[in-house]
Structure formats: structure tokens, C-alpha cells
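# Structural characterization, general
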Amino acid sequence: MAGESELTVKKDRVIIVGGGITGLTAALELGQMGKDILLLEKGPFIGGHAANLPCKATDRCLKCNDCLVEEALRQVRENNSPLEVKNYAKVTGIKKNGGNFIITVEPSWCSIDQEKCTDCGACLEACLSSGHQAITHAPSINIHPFYGIRQELCTCLSEGVSPPCISACQEGAITISDKVESFQVQGKGVLLASGFRPYEPEAPNRYGYGHLPNVITTEQADRMLRERGGIFRPSDDDVPKKVAFVQCVGSRDRRLGREYCSRVCCGYSLRMALRMIHTVPDMEITVFYMDVQNFGKDFERYYNEAKQKLRMVRCLPGDFYGWQDHKILVSYFSEVEDKTISEAFDLVILTVGLSPNEQGRALGEEIGLKVNEDGFLVAGEENLKQGVVVAGTAQGPMDVAECICDAKRAALDMKKYIEGI
Ligand code: SF4
Ligand code: SF4
């Protein structure tokens, strides 16, 4: 296992675990304070979930704050402060030894070197023409490298095929090897910004997700809206005319052992519905909900608009069945008609909640952080005294604006610690 010697650890070196909006904001803040930052991101791209969010503006700004993510990415790209980013770097262990943290990193066995890559795109073409889909582009032009390899889809080695992406890359930027070794890095402080995991309904589930093609999650809808500018039915690529949003999927559900409210998903889904209806004015959207979380300072303004433009039905549907033309038959109890109704929709969008990130939680526990009853990390004064700071959605559901605020708080905490040692 290769590593850094203790003597090479600078006094103000901070290791940030997680390259989502929280980790990036904290890195930029600490960089501006003159600290020496190493940011470790396990995936091929920085930006995390937030980088996949589309702007939800209609004829006016709905304050989704997704543009702030773009701004953070741009700043990292143009960054002149001492900020080093390592993609494909999964942290598998954190230990404290004397005054230093020793962080074990397991690099991905397929990666693109950011120093060498010129963003020419030849590797993507080679990967696609060979019938694979492992190389993908980043969700933002402000991310470099703009191309990344998804380890789980990269199968040439296991198929015994010579990787065509390597021969296509004139810069020698691609590594695909089953011989990568873990390595260690050291720092004086650790800022854990390991984020969340979107709830994934497990099969079998009552929503038909996974077997009815036109039942998708808000995460999938976000990606579609960002990449294609609209929402289309997966079964036939048609624009749906009648859409149902089902709130609180994977949240406030005792049967799943997930009783907490994910707080931010009401706001996300209502903004998304308003954006969809703005793009396709004759679209009919029904929102099935328990109660709407009044969250964020601009909530009232767009909630009033949502009540005028969307059909809000206070009830969570019981059953979802496949229907003709790939429609979904949704049955629910109507308070207005005082009976159970079955109604067909072209598309159902499940508003999924935020789950704790198990890997981040395990790392946090390794360095003395506590876990709350919902499975998120909790940090106290005693952790800060040890040089451990946790930030963003690793602590519980937050929206983009909250993550940014919390990252700034975390950066200040870390500065205080580093300057006090
Ligand atoms: S072919 Fe090489 S230089 Fe071009 S985008 Fe791919 S990795 Fe980067
Ligand atoms: S090794 Fe094959 S599957 Fe993996 S990225 Fe290269 S071309 Fe695609």
C-alpha cells in the first residue's frame, strides 16, 4: 500500500471526503482561507446529486438554487487556491495517529487522468461503437474531465477484450487495470461531506416501480429534464398528457422503518411540476400527498401557484396497475366523492426521499461520530476538538441552499480547529 510520509503532511492540510455541493463549497471556502485541501470523490465526477438537478425556472426564478451548483463547479474549474481534487477515490478507512489522520483510499480500477485529458471525446465514441456504455459525459460543462468511466458498466477486461477507449485516447489518459492498489493520504483535519442516497423502491413494491415502465422516480425525472429539457414516457418517448406525482415515497413510512420526513422533496417535486406545466401547458398534473412541508423562505409563493395550476389530492394511493397503452391505473380514496376511485395516468413520478449514505456513516462511526435514530451522522464539540467536522446531507435531509450554508459553517469550524493546533 503506497502512502505519504508523516513529514509531508502540511500543518493546514484538510482532507474533504465527498465531492458533492457540500464538499465543493467547503473546499472553495477553505481554499480561500489559504488552507491546503485534498478533496476525495469516489465517482468519476464532482458535483454529486446536485449537479444532476435541472433549473426549475418557469417565466420566473423558482429559487431552486440549482444555478448555485453550476457556479460552484465553475469556481472549482477556474480555481487558483491550493485545492487538489482526486476523482475515482473511494475512502475505505480513516484513522487518527498522533496529530494526523490517515485516510485509506481505494482507487477505481478504471479512471481518466484529469491532468492528461483534453476532453476530446474520442473515448466515448470508441466505447459506444464497441457496444458498451461505460463512458459517459459529465452533467455540466464546468466539470473536467468532461468524460468519465462508470466502473460498474466497464466490462471489456472481464470479457477479455482489449479496451478500445485506451487505443482511442491520444493522450494516454485512461487507466483500465485490475492491478490498482489502495494508497494512503494524511491530513490534520477531516471534513466528512459524504452526502445521502436517494431512496430506491425495492421490488416488489406497491407502486409498480421496476416493472411498469412509466413509473419513474423524481431522480430519473430530474435527469431527463436536465438532459432533454422535458419529461417523456420511457415506454414510447411520448410527452405524457396526464401525470401523477406521489409524495413521500420512502419517507414517513412506518412499514419501511423510515418514519422521518425528507423535508426537501415536497419543494423539489412541486417546482418540477410547475416547470413541466410551464413547458407543456395542457399537461394535467395531480399531486397525491399527505401534507405539504412548508419549507424554505420562498415556499409560500410557489405553493400558491402550485395550488392554482396542479390538482392537489390529499391521500396516498393504495394500488398501481398496468393499464392499456402502458398507462398506470392508480386507485385512491377521494374525500370529495367519498369513495375509492381508479384513475389512469400516462406517467407516475414517485417523489423519493433521502436515505443515509451507509459508506459515509461507517466512516463517520470509525472516527467517533454518533448516528441518530434515522441513520444520519451527528457531530458534537468533542469531534471538532479531534479535527472531525461533518457537513451537509450526511447529517439529514437538506436542500441545495442549506447544504451551501452548512458547508460554510463547516469550513469555519475546520479553520478554527486547524489554526488552534
Ligand atoms: S480520449 Fe482521452 S483525452 Fe479524449 S476525452 Fe477521452 S480520456 Fe480525455
Ligand atoms: S473498457 Fe470497454 S466498457 Fe470500459 S470504458 Fe473502455 S470501452 Fe467502455
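Fair warning: this is a prediction, and the values are worked out from it, not measured in the lab. (Residues numbered from 1 in each chain as written. Chains lettered and ligands numbered in written order. Predicted model: local features only at pLDDT ≥ 70, side-chain atom pairs only at ≥ 80, totals over all residues. Heavy atoms only, no water.)

## Observations regarding the overall build of the protein
- Within the protein one finds eleven helices and 25 strands.
- Over its C-alpha atoms the protein spans a radius of gyration of 23 Å, differing by no more than 12% from the 22 Å that the globule rule assigns to 421 residues.
- The buried share of the protein, taken over its 421 residues, is 54%.
- Taking the intrachain contacts of the protein between residues at least 6 apart in sequence as the baseline, contacts between residues at least 24 apart amount to 68%.
- Surface summary for the protein: the accessible area is close to 19,300 Å², and the carbon and sulfur share equals 49%.
- Of the side chains in the protein, 48 bear a positive and 57 a negative charge, and the two mean positions are spaced by 4 Å. (Helix = DSSP H or I, 4+ residues; strand = E, 2+ residues; numbered from the N terminus. Rg over C-alpha atoms; globule rule 2.2 N^0.38 Å. Buried < 20%, exposed > 50% of the residue type's maximum accessible area, 1.4 Å probe, protein only. Contact = heavy atoms within 4.5 Å. Areas by Shrake-Rupley, 256 points an atom, 1.4 Å probe, with all protein chains shown as cover. Lys, Arg positive; Asp, Glu negative; His and termini not counted. Charge placed at Lys NZ, Arg CZ, Asp CG, Glu CD.)

## A short note on the sheet that holds strand β19 (residues 328-334)
- With antiparallel pairing, the three strands of this open sheet are ordered in space as β18-β19-β20. Unpaired on one side and paired on the other, β18 (319-322) and β20 (339-345) mark the two borders of the sheet. Taken over all neighbouring pairs, the strand axes of this sheet differ in orientation by 25° on average, direction set aside.
- In the sheet, β19 pairs with β20 via seven bridges, with the strands oriented antiparallel. Looking at β20, one finds that S334 is bridged to K339. (Pairing = 2+ DSSP bridges. Axes fitted to C-alpha atoms, helices over the stretch in contact; angles between N-to-C directions.)

## Examining the site of ligand 2
- Every residue close to ligand 2 is listed here: C127, H132, A134, I135, I149, C154, T155, C156, P163, P164, C165 and I176.
- Partitioning the shell around ligand 2 into residue classes produces ten nonpolar, two polar and no charged. (Near = heavy atom within 4 Å. Nonpolar A, V, L, I, M, F, W, Y, C, P; charged D, E, K, R; others polar.)

## Here we look at the nonpolar core
- By size, the foremost hydrophobic cluster in this structure holds 60 residues, and its most contacted members are I16, I112, I149 and L191.
- Among the elements that line this core, the one with the most residues is helix α11 (residues 400-420), at nine residues.
- Among all residues touching I112, those that are not within four sequence positions of it are Y88, C117, C123, P145, Y147, G148, I149, A173 and I174.
- The next biggest cluster of nonpolar side chains, apart from the first, holds 30 residues, and it includes L225, V292, A306 and I349. (Core = buried A, V, L, I, M, F, W, Y, C linked by side-chain atoms within 4.5 Å.)

## A short note on the environment of K370
- Mapped onto the fold, K370 is located in strand β23 (residues 370-371).
- Taking relative accessible area as the criterion, K370 reaches 55% and is therefore assigned exposed.
- Not counting the four nearest positions on each side in its chain, K370 is found in contact with F376, L377, V378 and E382.

## Things to note about the domain arrangement of the protein
- When cut into domains, the protein gives domain 1 (2-108 + 180-195 + 357-420) and domain 2 (200-353).
- Taking the mean C-alpha position of each, domain 1 and domain 2 sit 32 Å from one another.
- Contacts between the two partners involve 23 residues from domain 1 and, on the opposite side, 21 residues from domain 2.
- Together, the buried faces of domain 1 and domain 2 total about 2,000 Å²; carbon and sulfur atoms form 53% of this surface.
- Counting across the domain 1 and domain 2 interface gives four salt bridges.
- R226 is the salt-bridge partner of E70, the closest N and O atoms lying 3.1 Å from each other.
- Its residues assigned to classes, the side of domain 1 that touches domain 2 shows twelve nonpolar, three polar and eight charged. (Domains from an automatic or database assignment. Buried area = accessible area lost by both parts, 1.4 Å probe. Salt bridge = Lys/Arg side-chain N within 4 Å of Asp/Glu carboxyl O.)

## So, the site of ligand 1
- Close contacts around ligand 1 come from 13 residues, with C117, C120, G121, C123 and C169 the closest.
- Within the shell around ligand 1, the residues separate by chemical class into nine nonpolar, two polar and two charged.

## Quick notes on unusual backbone geometry
- Each neighbour pair has its own omega, and for H144 with P145 the value is -5°, a cis peptide bond.
- Looking at the element boundaries, P145 is found in the loop between β8 (135-137) and β9 (147-149).
- Even without being a glycine, N65 presents a positive backbone phi close to 70°.
- Structurally, N65 can be placed in the loop between β3 (36-40) and α2 (66-78).
- Even without being glycine, H326 reaches a positive phi, approximately 60°.
- Structurally, H326 is set in the loop between β18 and β19.

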